[in-house]
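Here are the chains, one letter per residue:
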Amino acid sequence: MNKLPPDLLEFSKQLPSFVWNLIIAVTAIFIGLLIKVVVTRLFKIYAEKKETDYSLFRSVIVNLGKAITYFIPLFLLNLFIPLMRMPKEYLTPLDKTIEILLTISFAGILVRCIRILEDYIYHSYDLNKADNLVERKVRTQIQFIRKFLVVVIIFVTIAIILLSFDSMRKIGTGLLTGVGIGGIIIGFAAQSSLGNLLAGFQIAFTQPIRIDDVLVVEGEWGRVEEITLTYVVLNIWDKRRLILPINYFITKPFQNWTRTSSEILGTVFLYVDYSIPLDVIRTEFERLINLSPLWDKKVQVVQVTDTKENNIEVRVLMSARNSSEAFDLRCYIRENLVSYIQQNYPGSLPRIRNEISNLEQYMQPKTTN
């Protein structure tokens, strides 16, 4: 109260303590909201000048808007508390409550700042390109680091709040001195979670899998949609989700079709009669693949890869920019080559049959004269 100007000090003495304290609180909150509106408006003006899809100012507004709405009024209210007229038994709990809320609000700002940084990195490393190996590497690491930092911020915030109470300090000291058997029990209980966390670190930096990688796991084909601290979400081709513990990818084998590149070879096998003219099949295959935009114009091969008793195995090999296009290209080539053989060389399709002429004659019983 001594910090107030003389006129304002005299005015405050004429008001009841409750009214004066309410004025102080409302003024602090109003000024805080006003500052927030002004700052947000300035950011919006800068964001509107950016005609691109991404704007750093727009990201700041979206991510920090709510956090600043709480933080600035609480910060100003904390500064104005000494101006209030209130007994110590009420002032101390109020000051402690605002301090705790301010700590939580500041932690929220830190979490949202991490999100702003993630948005910027996502904009710089766009996945919407044919060869996005570097982008997938960076995004995988950023996702894991962001989630880990959020957990650390939450734990540190809880620790700061608890340590602000004297009783909690005593409890913490008692836990540290009596860790013994309890620590061993907790260690065994947390072994699986810690194993997953360490596996998450290993995956984030050695990267056997990355965001948007194409995997074959447990007989299912899909893309890595999310990597958390404890599990991985695989988006299966038919829109199902396969959830696997993160240490699965450290301890068990799986197929990664985009480990070093998104390019992939596709194969089609045809089983036809020995009489099929292979040069004609090659010519038709070259015609079909040159008509398809799915082919990356790198690999086109027709080879006889096996001979069997009743037919031969013809392997048609082709390349594509990624696994999705390779699948569609294989279906396109397979369907059209089968149709071509059916229409032009039906006798070269593999058949196992017995033809018996005059079947009714053989079915009639023999008669004796």
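Residues numbered from 1 in each chain as written. Predicted model: local features only at pLDDT ≥ 70, side-chain atom pairs only at ≥ 80, totals over all residues. Heavy atoms only, no water.

1. So, the environment of Gln255
So, step 1. Inspection of the secondary structure assignment puts Gln255 in strand E5 (residues 255-256).
So, step 2. On the basis of relative accessibility, which here comes to 42%, the residue Gln255 falls in the partly exposed class.
So, step 3. Beyond its immediate stretch of four places on either side in the chain, Gln255 contacts Val214, Leu215 and Val216.
So, step 4. Separated by 3.0 Å, the side chains of Gln255 and Trp257 make a polar contact. (Helix = DSSP H or I, 4+ residues; strand = E, 2+ residues; numbered from the N terminus. Buried < 20%, exposed > 50% of the residue type's maximum accessible area, 1.4 Å probe, protein only. Contact = heavy atoms within 4.5 Å. Polar contact = N/O pair within 3.5 Å; in protein donor to acceptor, adjacent residues only side chain to side chain.)

2. A few points about the sheet that holds strand E4 (residues 241-245)
So, step 1. Spatially, 5 strands are ordered E4-E3-E2-E1-E5 in an open sheet, and the strand pairing comes out antiparallel. Unpaired on one side and paired on the other, E4 and E5 mark the two borders of the sheet.
So, step 2. Sheet topology note: the strand E1 (residues 214-217)/E5 ladder contains 2 bridges and is antiparallel. Counted as the bridge partner of Val216 is Gln255 from E5. (Pairing = 2+ DSSP bridges.)

3. Considerations on a nonpolar patch on the surface
So, step 1. Together, Phe30, Ile31, Leu34, Ile35, Val38, Val39 and Leu42 make up a nonpolar patch on the protein surface, roughly 580 Å² of accessible area in all.
So, step 2. Tracing the backbone through its elements, the reader meets Leu42 in helix H2 (residues 17-49).
So, step 3. Using a relative accessible area of 45% as the deciding quantity, one classes Leu42 as partly exposed. (Patch = residues over 30% accessible without salt bridge, like charges linked within 9 Å, V, L, I, M, F, W, Y side chains within 5 Å. Areas by Shrake-Rupley, 256 points an atom, 1.4 Å probe, with all protein chains shown as cover. Salt bridge = Lys/Arg side-chain N within 4 Å of Asp/Glu carboxyl O.)

4. Things to note about the packing of helix H3 (residues 56-80) against helix H4 (residues 88-124)
So, step 1. Close contact between H3 and H4 brings their axes to 9 Å; oriented N to C, the two are set at 170°. Judged by the angle between their axes, H3 and H4 are roughly antiparallel.
So, step 2. Of the residues contributing to the contact of H3 with H4, the split by class is 16 nonpolar, 5 polar and 4 charged. (Axes fitted to C-alpha atoms, helices over the stretch in contact; angles between N-to-C directions. Parallel < 35°, antiparallel > 145°, perpendicular 65-115°, else oblique. Nonpolar A, V, L, I, M, F, W, Y, C, P; charged D, E, K, R; others polar.)

5. A few points about unusual backbone geometry
So, step 1. For Lys239, which is not glycine, the phi dihedral falls at a positive 75°.
So, step 2. Position of Lys239 among the secondary structure elements: in the loop between strand E3 (231-236) and E4.
So, step 3. Judged by relative accessible area, which is 64%, Lys239 ranks as exposed.
So, step 4. Positive phi outside glycine occurs at Lys297, with the angle close to 65°.

6. A short note on the pattern of salt bridges
So, step 1. For the structure shown, the criterion picks out 12 salt bridges.
So, step 2. Salt-bridge contacts for Glu226 lead to Lys147; the nearest nitrogen and oxygen are separated by 3.4 Å. With Glu226 in strand E2 (residues 220-227) and Lys147 in helix H5 (residues 133-163), this pair connects stretches of sequence that are 79 residues apart.
So, step 3. A residue is classified by how much of its surface remains accessible, and Glu226, at 28% relative accessible area, is partly exposed.
So, step 4. The shortest N-O distance in the salt bridge between Asp279 and Arg282 comes to 3.6 Å. Taken together, the residues Asp279 and Arg282, both in helix H10 (residues 278-291) and 3 residues apart, mark about one turn of the helix.
So, step 5. Taken together, the shared-partner salt bridges connect Arg115, Glu118, Asp119 and Arg146 into one network.

7. Quick word on the packing of aromatic side chains
So, step 1. Tallied over the full model, the rule gives 6 aromatic pairs.
So, step 2. Pairing Phe249 with Phe254 gives two aromatic rings, centres 5.1 Å apart and planes at 85°, and the pair type is edge-to-face.
So, step 3. According to the relative accessible area criterion, Phe249 is buried, its value standing at 4%.
So, step 4. Their ring planes at 55° and their centres at 6.3 Å tell us that Tyr340 and Tyr345 sit as a pair that is tilted.
So, step 5. Of the aromatic side chains, those joined through ring pairs into one cluster are Phe71, Phe75 and Phe106. (Phe/Tyr/Trp six-rings, centres within 6.5 Å; stacked < 30°, edge-to-face > 60°.)

8. Observations regarding the sheet that holds strand E6 (residues 264-272)
So, step 1. Taken in spatial order, the 3 strands of this open sheet run E6-E8-E7, and their pairing is antiparallel. Strand pairing shows two members of the sheet lacking a second neighbour, E6 and strand E7 (295-307), which therefore form its edges. Strand after strand, the sheet turns through a mean of 20° between neighbouring axes, direction not considered.
So, step 2. Sheet analysis places E7 next to strand E8 (residues 312-320), joined by 8 bridges and oriented antiparallel. Paired with Val302 across the two strands is Val316, which belongs to E8.
So, step 3. Against the sheet, H10 contacts E7 and E8, and its axis sits at roughly 155° relative to E7.
So, step 4. Docked against the sheet, helix H11 (residues 323-344) engages E6, E7 and E8, running at close to 20° with respect to E6.

9. Remarks on the side chain of Glu313
So, step 1. Here Glu313 shows up in strand E8.
So, step 2. Salt bridges are absent for the buried Glu313, whose nearest opposite-charge side chain, Lys308, sits at 4.6 Å.
So, step 3. A distance of 2.6 Å separates a polar atom in the side chain of Glu313 from a polar atom in the side chain of Thr305.
So, step 4. Beyond its immediate sequence surroundings of up to four residues, Glu313 is in contact with Phe269, Leu270, Tyr271, Gln303, Val304, Thr305 and Asp306. (Lys, Arg positive; Asp, Glu negative; His and termini not counted.)

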